[in-house]
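Here is how the chains run, residue by residue.
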Amino acid sequence: MAGLPKVHLRGGLEITRILNGMWQVSGAHGPIDPHRAADAMLQYYDSGLTSFDLADIYGPSEDIYGAFSKKLKAERGAEALGKVQGLTKWVPRPGPMTRKVVEENIDRSIRRMGVDRLDSLQFHWWDYSDKRYLDALGHMADLQAEGKIGELALTNFDTVRLEEIVNKGIPISSNQVQYSLIDRRPGQKMAKFCTAHGIKLLTYGTLGGGLLTEKYLGAKEPTSRRDLPTASLGKYKNMVDAWGGWKLHQELLKVLKTIADEHGVSVANVATKYILDQPAVGGVIVGCRLGVPGAEHIQDNLRTFPLDLTQQDMDRIHTVVSRGRDLMAVIGDCGDEYR
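For the structure given in this document, a descriptive report is provided here. (Residues numbered from 1 in each chain as written. Predicted model: local features only at pLDDT ≥ 70, side-chain atom pairs only at ≥ 80, totals over all residues. Heavy atoms only, no water.)

1. Some details on the packing of aromatic side chains
- On inspection of all chains with the given rule, the structure shows 11 aromatic pairs.
- With a centroid separation of 6.3 Å and 90° between ring planes, the pair formed by Tyr216 and Trp246 is classed as edge-to-face. Here Trp246 lies in helix H9 (residues 246-263) and Tyr216 lies in the loop between strand E9 (200-204) and helix H8 (231-243), a separation of 30 residues in the sequence.
- Among the residues examined, Trp246 registers a relative accessible area of 8% and is labelled buried.
- Taken together, the ring pairs connect Trp90, Phe123, Trp125, Tyr128, Tyr133 and Phe157 into an aromatic cluster.
- The ring of Tyr128 is capped by Arg161, whose NZ or CZ atom sits 4.1 Å from the centre of that ring.
- Over the face of the ring belonging to Phe157 we find Arg339, whose NZ or CZ atom lies 5.8 Å from the ring centre. (Phe/Tyr/Trp six-rings, centres within 6.5 Å; stacked < 30°, edge-to-face > 60°. Helix = DSSP H or I, 4+ residues; strand = E, 2+ residues; numbered from the N terminus. Buried < 20%, exposed > 50% of the residue type's maximum accessible area, 1.4 Å probe, protein only. Lys NZ or Arg CZ within 6 Å of the ring centre and 35° of its normal.)

Right, here's the structure in full:
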């Protein structure tokens, strides 16, 4: 467990550089048995992948984390709880952001997760024209100072708003954004700002919901809901279309497969390591279909860490990805697809 690469966030929280994503328990990726899911989390913990990414809006994710915490304490002792990290999110509906509203929502997550305080709270806001996100963050900073929150973080904020928040003196530890070989927007503006201010990027969509794996190499283009049965696949197929389409995607997969074979790893390992090696990136979130037989990829994920991509590897990748559209021009900065 001690041997896996880790990174420290601003407030001192140490997380693994591959995090276990729990969007997949939200109900948008097929049925999940909460009891099996909590049991499955122990396998990730035992492998050394001890950091979990969840949210108040990811269905029962916080409750499952709470059940896992209870099970971990019962089976491994209270000391084991200090070796696991739960990074949750707060995604409020628009409305007044009073101290009472903010604290009530934080307390709800604390109860659901079965913890004394939140390791990290990642805040999302839907509408930048409603400046009450600054009120919310101000109260969260106060609650962090009082010990209810370890790391104060963001999810899907763009560079302009991130700079605004930092200039208000609010101590941001990380910003969670979409970042992959297909969507390289964070490398254009966000990474430079984050590097200058000690903020880590936690990335999702790095495997495109599975589209950046061997499974889709040589596959017929998926176009229907039947072909794209999960929320992740539908979402990231739209990104592939915006970037360059299925033909270019196949060219990318062929290059990734060649590189993967040369290193004795998987396409997913290459796609993940490429992003882990980018400036400001603290960790990559890989989704977990917890408790679903045959759906865990723990050992494959672990093979990412010793992989060293050469300059030749990077050049071959860039030859393909540079032919895609500039998604900053097509969509806007990080998170603009949600607004």
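That covers the picture; the talk isn't over yet.
2. Some points on the sheet that holds E9
- Taken together, 8 strands build a closed barrel; the order of strands is E3-E4-E5-E6-E7-E8-E9-E10 and the barrel is parallel. Strand-to-strand twist across the sheet, computed as the mean angle between neighbouring axes with direction ignored, equals 30°.
- Contacts from helix H2 (residues 61-76) reach strand E4 (51-53), strand E5 (85-90) and strand E6 (118-123), with the element oriented near 160° to E5. (Pairing = 2+ DSSP bridges. Axes fitted to C-alpha atoms, helices over the stretch in contact; angles between N-to-C directions. Contact = heavy atoms within 4.5 Å.)

3. Observations regarding the nonpolar core
- In this structure, Phe68, Phe123 and Met140 are the most contacted members of the largest nonpolar core, which totals 103 residues.
- Per-element accounting of this core gives the leading share, 8 residues, to H9.
- Every residue in contact with Phe123, bar those within four places of it in the chain, is listed here: Trp90, Pro92, Tyr133, Ala136, Leu137, Met140, Ala153, Leu154, Thr155 and Phe157.
- Val7, Leu9, Leu87 and Ile285 belong to the second-largest nonpolar core, a separate cluster that totals 8 residues. (Core = buried A, V, L, I, M, F, W, Y, C linked by side-chain atoms within 4.5 Å.)

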